[in-house]
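Each chain, letter by letter, is given below.
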Amino acid sequence: MVWPKCAMGDNRGVRLPPNQEMAAAGKWPVVGERAPRVDDTPWTVTIAGLVQREATWTLDELLSMPPVTWAIDIHCVTRWSKMGASFTGVPLASLLERAGPLPEARFLSFVARSERNHSTSLPLADALALDALVAFAYEGAPLEAIHGGPVRVVVPGRYFYKSVKWLERIEVLTEDRLGYWEAEAGYHNVADPWREERYIAASIDRRLAAQLVASRDFSGRDLLSIVVERMDLSGLNARGALLRNANFREARLAGADFTDANLSNADLTGADLSGAVLVRTDAEGANFAGADLSGADFSGASLFGATFDGAVIGASTRFTAESLTALSPQQQGYVLGRNPGLG
Ligand SMILES: Nc1nc2c(c(=O)[nH]1)N[C@H]1C(S)=C(S)[C@@H](COP(=O)(O)O)O[C@H]1N2
Ligand SMILES: [Mo]
């Protein structure tokens, strides 16, 4: 009996997520790196980081654990899907159980034995809820090297870039560590195919996502609801960009230029905005809680409903009087308490 593990969308019975197409029968495209790193040492898989005991398995040890075989729907971000692929392996949960994640464990970073130490990450809770599999066989035969053999991860219910080939190491972390595609190419860090979380913003394609991340130039673009949480975007040019509902949580935005940009309802919690320019920025409802705003310039910004709790605000942080009067009394109190010179 092969147990299906095809995470369905809300739409019962529909198995193909939006804007995906079936790969030709029997075809399995190769995407990304094509071979593991050349290395003579025996293959091992290690779980390290925030665990009670670091654990390492040799391939033989993995192969001698009680295996499961699951039928998993693959959805590649490049729009092909392959339904009910039969993978045999060990549930990630069984391996984690042996290592014992500590209470503060929140994220997993999966690292490949590959030339560029390719990696991807998932929240620990999602990896468990989605039944991630550490797989060593496909359709009953050892997994081919080009598809991640001898051992890869397969994560049902996420675009396939969350499934690392040639698994070598799993780091258990408190803070997320963005993976290769997520940090370098603008792939979405959640990657739910049912919500079409392909790239950092819904309105852009793969080429533009990569270009936006590499060039750090968002100027004049419509990037509604962009998700660039934790990304390094120091010196970003976002002049005039439409960034409503953007997720910039804990992003590195030192010296970024948001002049005339729309950041309404954006989440900038914990972001490094030191020296950033927010001149005439529409930041209504934006959340700057815990952000570093030293040297940031909010001259002429619209701040109705904005939040600043716990933000670093100093003598070098600039506000104009009209901007401050739009704040709630409580928020005004916080800002002026940090920088009495503004009052
Ligand atoms: N080590 C490694 N794992 C990786 C990649 C990669 O480039 N290197 N690419 C990812 C992407 S984008 C996809 S779609 C799948 C592709 O797996 P496949 O080549 O077996 O189809 O692997 C994922 N895991
Ligand atoms: Mo992919």
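Whatever comes next refers back to the structure up there.
Residues numbered from 1 in each chain as written. Chains lettered and ligands numbered in written order. Predicted model: local features only at pLDDT ≥ 70, side-chain atom pairs only at ≥ 80, totals over all residues. Heavy atoms only, no water.

**Describing the overall build of the chain**
To keep things clear, this is the line we draw: Secondary structure is summarised from DSSP: a helix means a run of H or I of at least four residues, a strand means a run of E of at least two, and numbering begins at the N terminus for each. When a residue's accessible area, from a 1.4 Å probe over protein chains only, is under 20% of the maximum for its type it is buried; when over 50% it is exposed; and in between it is partly exposed. Note on definitions: a residue-residue contact is assigned when non-hydrogen atoms from the two residues lie within 4.5 Å. Neither His nor the chain ends contribute to the count of charged residues, in which Lys and Arg are positive and Asp and Glu negative. For charged residues, the charge sits on one atom: NZ in Lys, CZ in Arg, CG in Asp, CD in Glu.
Counting its secondary structure elements, the chain contains 7 helices and 14 strands. Taking the principal axes of its C-alpha atoms as reference, the chain extends roughly 70 × 45 × 40 Å. Per-residue burial for the chain yields a buried fraction of 50% across its 343 residues. For the chain, restricting intrachain contacts to residue pairs at least 6 apart in sequence, the fraction spanning at least 24 positions comes to 45%. Each charge sign in the chain was given a centre, from 33 positive and 41 negative side chains, and these centres are 4 Å apart.

**What about the sheet that holds strand E12 (residues 167-173)?**
Two modes of strand pairing occur in sheets, parallel and antiparallel, and in both the strands are linked by backbone hydrogen bonds. For the record, the criterion: For two strands to pair, DSSP has to find at least two bridges joining them. Orientation is described by axes fitted as lines to C-alpha atoms, over the contacting stretch for helices, and by angles from 0 to 180 degrees between their N-to-C directions.
Read across the open sheet, the 5 strands follow the order E4-E3-E12-E7-E8; overall the sheet is mixed. The outermost strands of the open sheet, each flanked by one partner alone, are strand E4 (55-58) and strand E8 (119-123). Mean inter-strand twist for the sheet, computed between neighbouring axes without regard to direction, equals 15 degrees. Note: strand E3 (residues 44-49) against E12, 4 bridges, orientation parallel.

**Digging into the site of ligand 1**
Our working definition: Throughout, the term near means that a residue has one or more heavy atoms lying within 4 Å of the molecule or strand in question. We define a polar contact as two N or O atoms separated by no more than 3.5 Å, with the added condition that, inside protein, one atom must be a possible hydrogen donor and the other a possible acceptor, whereas residues neighbouring each other in sequence contribute only through side-chain atom pairs. Throughout, the Shrake-Rupley method with a 1.4 Å probe supplies accessible areas, and for residues the shown protein chains are the sole cover considered.
Around ligand 1 there are 20 residues in total, and Pro-29, Glu-33, His-147, Arg-152 and Lys-165 lie nearest to it. Pro-29 is positioned with one of its backbone polar atoms (N or O) 2.8 Å from an oxygen atom of ligand 1. Within the side chain of Trp-181, one N or O atom sits 3.4 Å away from a nitrogen atom of ligand 1. Protein contacts shield 100% of the accessible area of ligand 1, which totals 540 Å² for the unbound molecule.

**Brief notes about the side chain of Glu-182**
In this structure, Glu-182 sits in helix H4 (residues 180-184). Exposure remark for Glu-182: the relative accessible area of 1% places this residue in the buried category. A polar atom in the side chain of Glu-182 sits 2.6 Å from the side chain of Thr-120. Discounting residues that sit within four places of it in the chain, Glu-182 has contacts with Ser-119, Thr-120, Ser-121, Tyr-161, Lys-162, Tyr-187, His-188, Asn-189 and Met-231.

**Here's the deal with unusual backbone geometry**
Geometrically, the link from Gly-149 to Pro-150 is a cis peptide bond, its omega value of 15 degrees lying close to zero. With respect to the helices and strands, the residue Pro-150 is situated in the loop between strand E10 (141-142) and strand E11 (152-154). One non-glycine residue with positive phi stands out, namely Asn-245, at about 60 degrees. Locating Asn-245 in the fold gives a position in the loop between helix H5 (206-215) and strand E13 (297-298). Located in the positive-phi region is Arg-280, a residue other than glycine, with phi close to 60 degrees. Among the residues examined, Arg-280 registers a relative accessible area of 47% and is labelled partly exposed.

**Remarks on the packing of aromatic side chains**
The following threshold applies: Only centres within 6.5 Å qualify two rings of Phe, Tyr or Trp (six-membered ring in Trp) as a pair; their planes then separate them into stacked at under 30 degrees, edge-to-face at over 60, and tilted for everything else.
Under the criterion given, the structure shown has 15 aromatic pairs. Seen from their ring centres, Tyr-187 and Tyr-199 are 5.6 Å apart, and the 85 degrees between their planes marks the pair as edge-to-face. Note that Tyr-187 is positioned in the loop between H4 and H5 and Tyr-199 in the loop between H4 and H5, a separation of 12 residues in sequence. The exposure class of Tyr-199 is buried, given its relative accessible area of 8%.

**Considerations on the pairing of strand E5 (residues 68-75)**
Here E5 lies mainly inside the structure; 6 of its 8 residues are buried. With 7 bridges connecting them, E5 and strand E6 (residues 80-91) associate as antiparallel partners. Counterpart to Ile-74 in the pairing with E6 is Lys-82. Connecting E5 to the antiparallel partner E6 that follows it, the hairpin turn spans 4 residues, and Arg-79 within it adopts a positive phi of roughly 90 degrees.

**Looking at the environment of Ala-246**
The residue Ala-246 is located in the loop between H5 and E13 in this model. When residues no more than four places from it in sequence are discounted, the contact partners of Ala-246 are Ser-225, Ile-226, Ala-266 and Asp-267.

**Quick word on the environment of Val-312**
Looking at the secondary structure, you find Val-312 in the loop between E13 and strand E14 (318-319). Overall, the relative accessible area of 39% leaves Val-312 in the partly exposed class. Here the alpha-carbon distance between Val-312 and Leu-212, two residues 100 residues apart in the chain, equals 28 Å. With sequence-adjacent residues up to four places away left out, Val-312 is seen in contact with Ala-291, Asp-292, Leu-293, Ser-294 and Thr-317.

**Topic: the pattern of salt bridges**
Just so we agree on the cut-off: Any carboxyl oxygen of Asp or Glu that lies within 4 Å of a side-chain nitrogen of Lys or Arg is treated as forming a salt bridge with it.
For the structure on display, the rule yields 19 salt bridges. Between Arg-15 and Asp-73 there is a salt bridge whose closest N-O contact spans 2.5 Å. Remark: Asp-73 occurs in strand E5 and Arg-15 occurs in the loop between strand E1 (3-4) and strand E2 (21-22); sequence separation between them is 58 residues. Residue classification places Arg-15 among the partly exposed residues on the basis of a relative accessible area of 32%. The class of Asp-73 is buried, set by a relative accessible area of 6%. The salt bridge involving Arg-158 is made with Asp-126; its shortest N-O contact spans 3.6 Å. Note that Arg-158 is positioned in the loop between E11 and E12 and Asp-126 in helix H3 (residues 124-129), a separation of 32 residues in sequence.

These results come straight from atomic positions and should not be treated as a statement about function.
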